[in-house]
Amino acid sequence: MVPDVPGDAPEDDRPSIGRALRQARIDAGLTVEEVSTSTRVRIPIVHAIEEDDFSRCGGDVYARGHIRTLARAVGLDSAALVEQYDAEHGGRPSPTPAAPLFEAERIRPERRRPNWTAAMVAAIVAVIGFVGFTLFNGEGGGSRSNNVAEGPAPAQKATTKPKPPKAVAPPPAPSESAIAAVPKDKVTVKLTAKDDKSWISAKARDGKLLFDGLLLKGDSKTFQDDERLDLILGNAGAIELFVNGKKVEDEFEDGQVERLSYEKGDPQVG
């Protein structure tokens, strides 16, 4: 019989995070598909978390966000589960930028370039007019020398040079407000960091990365695709979201991680 070692702490008899979430989901009469639909956490990730496999979450920040979201969906104390996760994984991570700092893109009008075509046309017209004027005056001078005795020659009408055509300014570049009024055959998303900064990621339907960086407070980004846009919001509560010209009224919380997908015709509001 092995004696007890002094100072040993009692084992934590709490159920694991995944087991607690799974049991609460079953008690609530919900399926994994229903939880995935209500939380927008993908089905494979829900299954993995219920098996206490957090490797598919993409890091501690996302794992904590998914645990908090799933706990609220099944009626558990999200703060207690996040605290348990931190205790089992080395404590709460220190806040660091989720991606390198990028300056928000701003749409600037193109600088007006000289209209060389119009200038060349004006120069050619001026040369032709000058040559014609010179030839006309030469012929008129010979007539005057032969008819001096007959009296003064009739006055020549002054030849006016044609005015060069005015240069046509190029149309201004489209502004973000114009892009917001998107055509119906595309999907357009506009993000504005209204209350605080937030890391965001945006991908087109074919997987092309459109943006991956930090959106500072007061800055906006607009994205378009022919079929679908996939978004990740690192601090969803700070983001004001417009999809196809309509404001999304979902109430996201500060620090909440959201994975969103929008297609043509979304969102079904208004």
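Residue numbers restart at each chain and count upward from 1, following the sequence in its written direction. Under the rules for a predicted model, residues below a pLDDT of 70 receive no local features and side-chain atom pairs below 80 are neither given nor counted, while totals for whole chains, interfaces and linings still include all residues. Derived side-chain values reflect all non-hydrogen atoms in the structure, with water molecules and hydrogen atoms excluded from consideration.

Draft legend 1. The overall build of the chain, seen in detail. Check the secondary structure of the chain and you find seven helices and eight strands. Contacts spanning at least 24 positions in sequence make up 64% of the contacts within the chain whose residues lie at least 6 apart. Accessible surface, the chain as shown: approximately 18,300 Å² in total, 54% of it carbon and sulfur. Comment: elements are numbered from the N terminus, with helices defined as DSSP H or I runs of at least four residues and strands as E runs of at least two. Working rule for contacts: check all heavy atoms of both residues, and any pair within 4.5 Å makes them a contact. Only the protein chains shown count as cover for residues, and the accessible areas themselves come from Shrake-Rupley with a 1.4 Å probe.

Draft legend 2. A look at the pattern of salt bridges. By definition here, a salt bridge exists when the distance from a side-chain nitrogen of Lys or Arg to a carboxyl oxygen of Asp or Glu is within 4 Å. This model, assessed by the stated rule, comprises seven salt bridges. Here Lys247 and Glu240 are joined by a salt bridge, their closest N and O atoms 3.4 Å apart. The network of salt bridges with common partners includes Lys194, Glu240 and Lys247.

Draft legend 3. How the structure looks around the packing of helix H2 (residues 32-39) against helix H3 (residues 43-50). Each axis is a line fitted through C-alpha atoms, and for a helix only the stretch in contact is used; angles between axes span 0 to 180 degrees, taken between their N-to-C directions. It is at 9 Å that the axes of H2 and H3 come closest, and there the two elements cross at 115°. Where H2 crosses over H3, the two elements pack in a sense that is right-handed. Of H3, the residues touching H2 (which contributes Val32, Glu33 and Ser36) are Ile43, Val46, His47 and Glu50. We call Asp, Glu, Lys and Arg charged. Ala, Val, Leu, Ile, Met, Phe, Trp, Tyr, Cys and Pro are nonpolar, and the rest, Gly among them, are polar. Tallied by class, the residues present in the contact of H2 with H3 amount to three nonpolar, two polar and two charged. In this scheme the handedness of a crossing depends on how the near helix is turned from the far one: anticlockwise by less than a right angle means left-handed, clockwise means right-handed.

Draft legend 4. Main features of the nonpolar core. Among the nonpolar cores identified, the biggest contains 25 residues, and Ile17, Leu21, Ile49, Phe54, Cys57, Ile67 and Leu81 are the most heavily contacted of them. Of all the secondary structure elements, the ones that give two or more residues to this core are helix H1 (17-27), H2, H3, helix H4 (60-74) and helix H5 (78-88). Setting aside its immediate chain neighbours within four residues, Ile49 contacts Gly18, Leu21, Phe54, Cys57, His66 and Leu70. We call a set of buried Ala, Val, Leu, Ile, Met, Phe, Trp, Tyr and Cys residues a nonpolar core when their side-chain atoms join them within 4.5 Å. Buried residues are those whose accessible area, probed at 1.4 Å on protein chains only, stays under 20% of the maximum for their type, while exposed residues exceed 50% and partly exposed ones sit between those limits. Membership of the second largest hydrophobic core comes to 20 residues, among which are Leu191, Ile200, Ala236 and Tyr262.

Draft legend 5. How the structure looks around the sheet that holds strand E1 (residues 187-193). Overall, antiparallel pairing links the four strands, which are arranged E4-E1-E6-E7 in an open sheet. Each having just a single partner strand, strand E4 (220-225) and strand E7 (246-247) make up the two edges of the open sheet. By the convention used here, strands pair only if DSSP detects at least 2 bridges between them. Relative to E7, strand E6 (residues 239-243) runs antiparallel, the two being bridged by two bridges. Looking at the pairing, Val243 lines up with Lys246 of E7.

Draft legend 6. Seen up close, H4. Under the 1.5 Å per step criterion, the end-to-end length of H4 is 21 Å for 15 residues, consistent within 8% with the ideal 21 Å. Counting buried positions over the 15 residues of H4 gives 11, a clear majority of the element. Among the residues of H4, Tyr62, Ala63, Arg64, Gly65, His66, Ile67, Arg68, Thr69, Leu70, Ala71 and Val74 are the ones counted as buried. Just downstream of H4, Gly75 is the residue with a positive phi angle, here 85°. Working rule for helices: expected span equals 1.5 Å times residues minus one.

Draft legend 7. Highlighting the sheet that holds strand E2 (residues 198-204). Here four strands make up an open sheet; going across it, the order is E3-E2-E5-E8 and the pairing antiparallel. Across the chains shown, the open sheet's two edge strands, defined by having one partner strand only, are strand E3 (209-215) and strand E8 (258-263). Direction aside, the axes of adjacent strands within the sheet are offset by 15° on average.

Draft legend 8. Looking closely at the pairing of strand E5 (residues 228-233). Across five bridges, the pairing between E2 and E5 is antiparallel. In the strand pairing of E5, Ile200 is matched with Leu233. Pairing between E5 and E8: six bridges, direction antiparallel. Following the sheet pairing, Arg228 is matched in E8 by Glu263.

Draft legend 9. Geometry of H2. The set of residues buried in H2 consists of Val32, Val35, Ser36 and Thr39. Projection of H2 onto a plane perpendicular to its axis shows the buried side chains occupying an angular sector of 100°, all on one side. Away from its buried face by more than 90 degrees, H2 exposes Thr37 and Ser38. Looking at the buried side of H2, the elements it contacts are H1, H3, H4 and E8. Working note: the arc is built from the helix axis to C-beta atom directions.

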